[in-house]
Amino acid sequence: MAGSALRAWRARSAETSSTIFLILRRMRAPLIVLITIFAVSVLGLTLIPGRDEAGQATRMGFFDAFYFMSYTATTIGYGEIPQPFTGAQRLWVTATIYLTVIGWAYAIGSLLTLLQDRAFRQALGLQRFTRTVARLREPFLLVVGYGQTGQLLGRSLDAIGRRFVVLDVAGERVDVLDIDSYHADVPGLAADGSDPHTLGVAGLEHPRCEGVLALTDDDEVNLIVAMTAALLRPGLPVIARTVSPAIEQRMRDFGAPAVVNPFDRFGDHLRLALRAPASYQLMSWLESGPGAELPAQGRPPTAGRWVICGYGRFGRKLAEDLRAEGLDVVIIDLRPDAGPEPGVVVGDASEPAVMARAGLEHAVGFVAGTDNDTTNLSLIAAARRINPSLFIASRQNGPASAPLFAAMETDRLLVPAETVAREIYAQLSTPLLWRFLQDMPGRGDAWAAGMIDRLTRHCGHRLGSVWKIELTRRDAPALQPYLRTGDATVGDLLRSPQDRGQAIAAVPLLLHRETEDILGPDEDVTLAPGDQLLFAGRPSARRALLDTTTHLAVSEYVLTGRTVPSGWLWQRVTGRVPRSR
């Protein structure tokens, strides 16, 4: 870390020196003109003789001449003169006044031009950005790419109090940071994220940098960011976005980054919805975040033909996933090179004849998967006109088209930016939730349906808070005596501090113990020191659990039923003392 700090200090020094050098280079001529005018004016006042009160010839000293020209050239004009000037002196002062006005106009004009110069503003912004990042004293994430995904994720991270630094090649995106209503200032720099030096300036080697998020729309840039982080900061967590399997493999060759492929995720989610609708429903609900309504359980058709329009990366991956489920898939694509492949119809999908060749009239599912939103919307309308009973899935590429896709009421909609932002948020906000979502489908659809039933019975159809508690001495001091003796169970934590016969509105989702994960732990599971528990429930339940884990009197009542005073004095007077730590 000492070497990293030294490199960072050298980088800041170099940026400061370059800015000063740029100022001096652009202002060199105006400064020389001003200094020359000032020097000649002072010299002339010292050489031209004046008259004192007695009529004797006298000359101004350099200090008096310098003092006079200082308040004259700056237009202050104190009027403090040792004696009245002679005609020659007044003539010289008149000439120097006009000269200094010209000099100041030239200098001010050059300064204004410098302030509007793009190179100077970039140098000044870089210096300010470098200084701000260097002064960060709390953990932060380095976000490379502030497009739709970065903005969605940035707002979510800010809501939970996570600091981050933004790096994006587009200056207009960085300017958005100044008008977004973030709780904390977000440093941003408009620069190329594929430059290792720029990543270093943005805080890659900062000791408080806790992770790098590569979220640009360019897979090559994301690959370079992942490679740079792996080489300069081995072990630093990296989450990268890509839609290319080849790029994904190359990323995994450098360390172990978490790679998010929205096309891959959509295919996996659709497969999960086909064979386990309750599991998909639970996953979608928990990924949506606090306040989300329980989504309706819709099951895509599992028998019949599916028609996919567009055979790019998304179409190929989705066709592979659907065929893996044993479904008949037909692809419509304009490219003639896709023709030799089986199940591919070459042509314009908007033409009824092409739709007929693909068998859309007898299909059960239709996917509009091109990279153009206007094309996808028109394809959906044409497909519904031919077969109104189709299950419709589509890809939305830009945020501006969101109202139109909402009006179309598609059965499944892929918004790559939202998919990536939602998954990364789940990994960063509550890692235990990410573990739960990864392992939950393996428990079966019946188990997921039971978990949904428990959540709706205790918390309603609107998702409340999702939080984690650690049964450590620091976070759960009141439970330590019971944890050491094995007298605390999951069910004990679910008792209400007001009436232990009533349950709080919370459901345990996951119990993590060292290398073991227990999904949906039963109430009779015994707890141990160091356990981590993931809960979903109402905010009131979260406050109740906080009281149980931190207050000795509350934990005594909840776990044993004994009522003891909360104050030390009354405990000694009544003789009712909670279990010792």
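Before reading on, note that the structure itself is shown above.
Worth saying up front: this structure is predicted, and the values here are computed from it rather than measured. (Residues numbered from 1 in each chain as written. Predicted model: local features only at pLDDT ≥ 70, side-chain atom pairs only at ≥ 80, totals over all residues. Heavy atoms only, no water.)

Q: Hey, could you run me through the overall build of the chain in this one?
A: Along the backbone of the chain there are 24 helices and 18 strands. Expected size for 581 residues packed as a compact globule is a radius of gyration near 25 Å; at 35 Å, the chain overshoots this value by more than 25%. Across its three principal axes, the chain shows a C-alpha extent of roughly 115 × 90 × 45 Å. Looking at the chain residue by residue over its 581 residues, the buried ones come to 49%. Long-range contacts, defined as pairs at least 24 residues apart, comprise 65% of the intrachain contacts of the chain with a sequence gap of at least 6. As displayed, the chain offers around 28600 Å² of accessible surface, 55% of which is attributable to carbon and sulfur atoms. With 60 positive and 61 negative side-chain charges, the chain shows a spacing of 5 Å between the two charge centroids. (Helix = DSSP H or I, 4+ residues; strand = E, 2+ residues; numbered from the N terminus. Rg over C-alpha atoms; globule rule 2.2 N^0.38 Å. Buried < 20%, exposed > 50% of the residue type's maximum accessible area, 1.4 Å probe, protein only. Contact = heavy atoms within 4.5 Å. Areas by Shrake-Rupley, 256 points an atom, 1.4 Å probe, with all protein chains shown as cover. Lys, Arg positive; Asp, Glu negative; His and termini not counted. Charge placed at Lys NZ, Arg CZ, Asp CG, Glu CD.)

Q: Looking at this structure, how should I read helix 6 (residues 148-159)?
A: Since the α-helix advances by 3.6 residues per turn, residues separated by three or four positions end up pointing in the same direction. Taking 1.5 Å per residue, twelve residues should reach 16 Å; helix 6 reaches 17 Å between its end C-alpha atoms and fits that length. Looking at helix 6, one finds that the buried residues are Thr149, Gly150, Gln151, Leu153, Gly154, Leu157 and Asp158. On its buried face, helix 6 sits against strand 3 (140-144), strand 4 (163-168), strand 6 (209-214), strand 7 (238-241) and helix 17 (416-429). Among the residues trailing helix 6, Gly161 stands out with phi positive, at a value near 80 degrees. (Expected span 1.5 Å × (residues − 1).)

Q: Explain the sheet that holds strand 18 (residues 532-537) to me, please; I cannot follow it from the model alone.
A: Consider a sheet: its strands pair through backbone hydrogen bonds, and that pairing is either parallel or antiparallel. The strand order 15-18-16-17 describes an open sheet built from four strands, whose pairing is antiparallel. Bordering the open sheet on either side are strand 15 (465-470) and strand 17 (516-519), each of which pairs with just one other strand. For this sheet, the mean angle separating the axes of adjacent strands, direction not counted, is 20 degrees. Helix 22 (residues 539-550) rests against strand 15, strand 16 (506-513) and strand 18 of the sheet, and its axis sits at about 10 degrees to strand 15. (Pairing = 2+ DSSP bridges. Axes fitted to C-alpha atoms, helices over the stretch in contact; angles between N-to-C directions.)

Q: How do you make sense of a negative patch on the surface when you look at a structure like this?
A: Together, Glu172, Asp175, Asp178 and Asp185 make up a negatively charged patch on the protein surface. As for its placement among the helices and strands, Asp178 is situated in the loop between helix 7 (171-175) and strand 5 (188-190). (Patch = residues over 30% accessible without salt bridge, like charges linked within 9 Å, V, L, I, M, F, W, Y side chains within 5 Å. Salt bridge = Lys/Arg side-chain N within 4 Å of Asp/Glu carboxyl O.)

Q: What's the story with the packing of helix 6 against helix 17 in this structure? I'm lost.
A: Packed helix pairs are specified by the crossing angle of their axes together with the interaxial distance, meaning the distance between the axes. Axis separation between helix 6 and helix 17 bottoms out at 8 Å; the angle between their running directions is 35 degrees. The hand of the helix 6/helix 17 crossing is right-handed. On helix 17, the residues touching Gln148, Thr149, Leu152, Leu153, Ser156 and Leu157 of helix 6 are Ala417, Glu418, Val420, Ala421, Ile424, Tyr425 and Leu428. Among the residues forming the contact of helix 6 with helix 17, the class breakdown is nine nonpolar, three polar and one charged. (Left-handed = near helix turned anticlockwise from the far one by under 90°. Nonpolar A, V, L, I, M, F, W, Y, C, P; charged D, E, K, R; others polar.)

Q: What is the right way to read the side chain of Ser194 from this model?
A: Checked against the element boundaries, Ser194 lands in the loop between strand 5 and helix 8 (196-201). With relative accessibility at 19%, the residue Ser194 sits in the buried group. Side-chain polar atoms of Ser194 contact the side chain of Asp192, separated by 2.8 Å. Other than its neighbours up to four places away in sequence, Ser194 contacts Val221 and Ile224. (Polar contact = N/O pair within 3.5 Å; in protein donor to acceptor, adjacent residues only side chain to side chain.)

Q: Looking at this model, I keep getting lost on the pairing of strand 7. Mind explaining?
A: The side chains of a regular strand alternate between the sheet's two faces. A two-sided burial pattern is seen for strand 7, the buried positions comprising Val238 and Ala240 on one face and Ile239 and Arg241 on the other. Sheet topology note: the strand 6/strand 7 ladder contains three bridges and is parallel. Bridge pairing links Val212 to Val238 in strand 7. Crossover strand 6 to strand 7 through helix 9 (residues 219-232) is right-handed. Judged from the three bridges that link them, strand 7 and strand 8 (residues 258-260) form a sheet pairing that is parallel. Residue pairing in the sheet places Ile239 in a bridge with Ala258 of strand 8. (Right-handed = clockwise from strand over helix to strand, strands pointing away.)

Q: Before we go on, may I ask you to explain the side chain of Ser41 in this structure?
A: Mapped onto the fold, Ser41 is located in helix 2 (residues 28-47). Beyond its immediate chain neighbours, meaning those up to four positions away, Ser41 contacts Met69, Trp92 and Thr96.

Q: Hey, could you run me through the pattern of salt bridges in this one?
A: If the charged atoms of two oppositely charged side chains come close together, the side chains can form a pair. Overall, the coordinates contain 23 salt bridges when judged by the stated rule. Ionic pairing is found between Glu423 and Arg265, a salt bridge with its closest N-O pair at 2.6 Å. Here Glu423, found in helix 17, pairs with Arg265, found in helix 11 (residues 262-275); they are 158 residues apart in sequence, far enough to count as distant. What makes Glu423 buried here is its relative accessible area of 4%. Judged by relative accessible area, which is 17%, Arg265 ranks as buried. Where salt bridges share partners, they join Asp264, Arg265, Arg271, Arg275, Lys317, Asp321, Glu325 and Glu423 into one cluster.

Q: So what exactly am I meant to see when it comes to the packing of aromatic side chains here?
A: The way to describe two aromatic rings as a pair is by their centre distance and the angle between their planes. Under the defined criterion, the tally for this structure stands at ten aromatic pairs. Ring centres of Phe38 and Phe66 lie 5.5 Å apart, and the angle between their planes is 75 degrees; this geometry places the pair in the edge-to-face category. With a gap of 28 residues between them, Phe38 in helix 2 and Phe66 in helix 3 (residues 62-73) connect regions that are remote in the sequence. Phe66 sits in the partly exposed class, given a relative accessible area of 45%. (Phe/Tyr/Trp six-rings, centres within 6.5 Å; stacked < 30°, edge-to-face > 60°.)

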